[in-house]
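# Close look at the chain arrangement
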Amino acid sequence: MSKALTAGTPWRVILLFALPLLVGNVVQQLYQVADAWVVGRELGVDALAAVGSTGAMMFLLLGFAWGMTSGFAIPTAQAFGAGDAAGVRRSVGAGVVLTGAATVVVMVAGAVFARPLLTLMQTPAEILDDATTFAVISFLGGFATMYFNYLAAIIRALGDSRTPLVFLSISCVLNIGLVYVFVALLNGGVAGAAFATITAQTFSVALCLNHVRRRIPALHISRADLRASRAELVEHLRIGLPMGFNASIIAIGALAVQVRLNTMGADAVAAWTTAGRVDGLAVAFLASIGLAVSTFAAQNYGAGLTDRIRRGVREGTLMSIGVSIVLALILITAGAPIIRSFVGQGEEEVVALAHQFLVINGAFYWALGVLFTLRGALQGMGRTLVPTATGVIELVMRVVAAIILGGMIGFAGVAWGNPLAWFGSVLLLVPAWYAALRALRSDERPPSRPVHAPEAPAKEHVSA
């Protein structure tokens, strides 16, 4: 159900919106574990390695598409907050057109360049064919991923974060079942695993479309809405492209880190992989709050509730810091037993290195929480320059840490890349946020977006 985030206590609104996002992140990670279990048991270690070896490359392209489609939904949230029904429909029309164009590019580029990229990444020869097969099929089925991400984003833009969670959960459960059927029962190999994912995601797209048709008339568009103006397309690209770029930068940084870890031996790689699973669950909490703040800021920016944005971002930041402290205490004090539950007994070197990773990262989660919150707020208000710059800073910091600190102090040096990346980004985001506050006080708005009076629920102004 659509819900305006322009009324109610800001921290409570943000938290309730963030919780389904968090559950969705956890569901996705649990699915990945189950999927890997089926492939590994049924097809063997080489097949599992082939599927896993495509991850960074696929995230480089599909992650870009995910970030971009999320950006396309921000003008939708702004128009919804402004009570501009026609603006919502035009924004959705522009997003549908641009997502379609991006889908064609990703599908063609991914399928054509999959093998050359895997070869460039020095993928072992014994798994190269399977890795190429999995990647090509996955890219050709990228339309399902693209449109599910976009449909979920515009549903969230109207204040509903629970429905996309339900559809995501259904898709993940269906995916696991289909992987077993296609791989174990039909002997489809890695191609079967890829087809299972495409089928499940296509079903989730159908669920979203049916939900929009039956329950969300605000998102019903006509052919006229699909004829977006040049200005509308440019506005959506102005926000969407930088957000996609940020997502791709993360993948590039991960590739640089992986290269350095590969030179440190199997224990270092195993420790990083295992700690990364635990760290990913912790980071999911903070990322969910950041995405919730982004939608909150977008709706309230559209409604012209500038004081409410200031209060919401302040409360969202404090919430992130509080959650960060709790997560840090858990991982610092209980990190070793948690890691040991993954790798078993007799792997003390892996446990020690992984716990070192968790301690270094956990101690500075508060900086990551601030990063997610401020970046989300700026993106929600349509300010993309500084968030894009922070992505570049994160890339540079991680690469420098991997090359220089990794060479000087080994595994710990690579691990320090994350806190350094977060600090570098926060140093840029804080002054950018205060500059945005000054602009809010003067009620600055993008000239390309018409502003309409907010509906009745959006008239509340909350003083800072």
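This text follows the structure it describes.
Keep in mind it's a predicted model, so treat the numbers as computed, not measured.

Thresholds, definitions, all that
- Residues numbered from 1 in each chain as written.
- Predicted model: local features only at pLDDT ≥ 70, side-chain atom pairs only at ≥ 80, totals over all residues.
- Heavy atoms only, no water.
- Helix = DSSP H or I, 4+ residues; strand = E, 2+ residues; numbered from the N terminus.
- Buried < 20%, exposed > 50% of the residue type's maximum accessible area, 1.4 Å probe, protein only.
- Contact = heavy atoms within 4.5 Å.
- Areas by Shrake-Rupley, 256 points an atom, 1.4 Å probe, with all protein chains shown as cover.
- Axes fitted to C-alpha atoms, helices over the stretch in contact; angles between N-to-C directions.
- Nonpolar A, V, L, I, M, F, W, Y, C, P; charged D, E, K, R; others polar.
- Salt bridge = Lys/Arg side-chain N within 4 Å of Asp/Glu carboxyl O.
- Patch = residues over 30% accessible without salt bridge, like charges linked within 9 Å, V, L, I, M, F, W, Y side chains within 5 Å.
- Phe/Tyr/Trp six-rings, centres within 6.5 Å; stacked < 30°, edge-to-face > 60°.
- Parallel < 35°, antiparallel > 145°, perpendicular 65-115°, else oblique.
- Left-handed = near helix turned anticlockwise from the far one by under 90°.
- Expected span 1.5 Å × (residues − 1).

## A look at the overall build of the chain
When you go through the chain residue by residue, the secondary structure sums to 17 helices and 0 strands. Counting across all 464 residues of the chain, residues that qualify as buried make up 52%. The contacts in the chain between residues at least 6 apart in sequence include a share of 84% that link residues at least 24 apart. Within the structure as shown, the chain displays about 19700 Å² of accessible surface, and the carbon and sulfur contribution to it stands at 68%.

## Observations regarding the packing of helix α14 (residues 365-380) against helix α15 (residues 385-409)
Between α14 and α15, the least distance of the axes is 10 Å, while the angle of their chain directions is 145°. Listed contacts from α15 to Leu371, Arg375, Leu378 and Gln379 of α14 are Pro387, Thr390, Gly391 and Glu394. A breakdown of the residues in the contact of α14 with α15 according to their chemical character gives 3 nonpolar, 3 polar and 2 charged.

## Structural notes on the pattern of salt bridges
In the structure shown here, the tally under the stated rule is 7 salt bridges. For Arg115, the salt bridge goes to Asp129, with nearest N and O atoms at 3.0 Å. Here Arg115 is found in helix α4 (residues 85-120), whereas its partner Asp129 is found in helix α5 (residues 125-140), with 14 residues between them in sequence. Here Arg115 falls in the partly exposed class, since its relative accessible area comes to 36%. Judged by its relative accessible area of 47%, Asp129 falls in the partly exposed class.

## Quick word on a nonpolar patch on the surface
On the surface, Phe245, Val392, Val396, Met397, Val400, Ile403, Ile404, Met408, Ile409, Trp416 and Leu420 cluster together to form a nonpolar patch covering roughly 940 Å² of accessible area. Among the elements that take part in the nonpolar patch, α15 stands out by supplying 8 residues, more than any other. Position of Leu420 among the secondary structure elements: in helix α17 (residues 417-441). The class for Leu420 is partly exposed, based on a relative accessible area of 32%.

## A few points about the packing of aromatic side chains
Aromatic ring pairs are reported here in terms of the distance separating the ring centres and the angle at which the planes meet. For the coordinates displayed, the defined rule picks out 4 aromatic pairs. Between the aromatic rings of Phe364 and Trp416, the centroid separation amounts to 5.5 Å while the plane-to-plane angle is 55°, which identifies the pairing as tilted. On the criterion of sequence distance, the pair formed by Phe364 in the loop between α13 (348-362) and α14 and Trp416 in the loop between α16 (411-415) and α17 is long-range, its members being 52 residues apart. In this structure Trp416 comes out as partly exposed when scored by relative accessible area, which is 31%. With centroids separated by 5.5 Å and ring planes inclined at 75°, the aromatic side chains of Trp366 and Phe423 adopt a geometry described as edge-to-face. Here Trp366, found in helix α14, pairs with Phe423, found in helix α17; they are 57 residues apart in sequence, far enough to count as distant. Aromatic ring contacts, followed pair by pair, group Phe364, Trp366, Trp416 and Phe423 into a single cluster.

## Comments concerning unusual backbone geometry
A positive phi angle, close to 55°, is found at Asn187, a residue other than glycine. Here Asn187 shows up in the loop between α7 (162-185) and α8 (189-215). A relative accessible area of 63% means that Asn187 is categorised as exposed.

## Details of the packing of α5 against α8
Any two packed helices are characterised by the angle at which their axes cross and by the distance between the axes. Relative orientation of the contacting elements α5 and α8 amounts to 20°, with a least axis distance of 8 Å. Here α5 lies roughly parallel to α8, going by the angle between them. Relative to α8, the crossing made by α5 is right-handed. Residue-level inspection shows Asp130, Thr133, Phe134, Ile137 and Ser138 of α5 in contact with α8, the latter providing Val190, Ala191, Ala193, Ala194, Phe195 and Ile198. Partitioned by chemical class, the residues of the contact of α5 with α8 number 8 nonpolar, 2 polar and 1 charged.

## Some thoughts on α14
Relative to the 22 Å expected for 16 residues at 1.5 Å per residue, α14 spans 22 Å between its end C-alpha atoms, a close match to the ideal helical length. Taking burial as the measure, the 16 residues of α14 include 15 buried ones, the bulk of the element. Phi turns positive one or two residues past the end of α14, at Gly382, with a value near 85°.

## Overview of helix α6 (residues 142-157)
The end-to-end C-alpha distance of α6 is 22 Å, a good match for the 22 Å that 16 residues give at a rise of 1.5 Å each. In terms of residue burial, α6 counts as a mostly covered element, since 14 of its 16 residues are buried.

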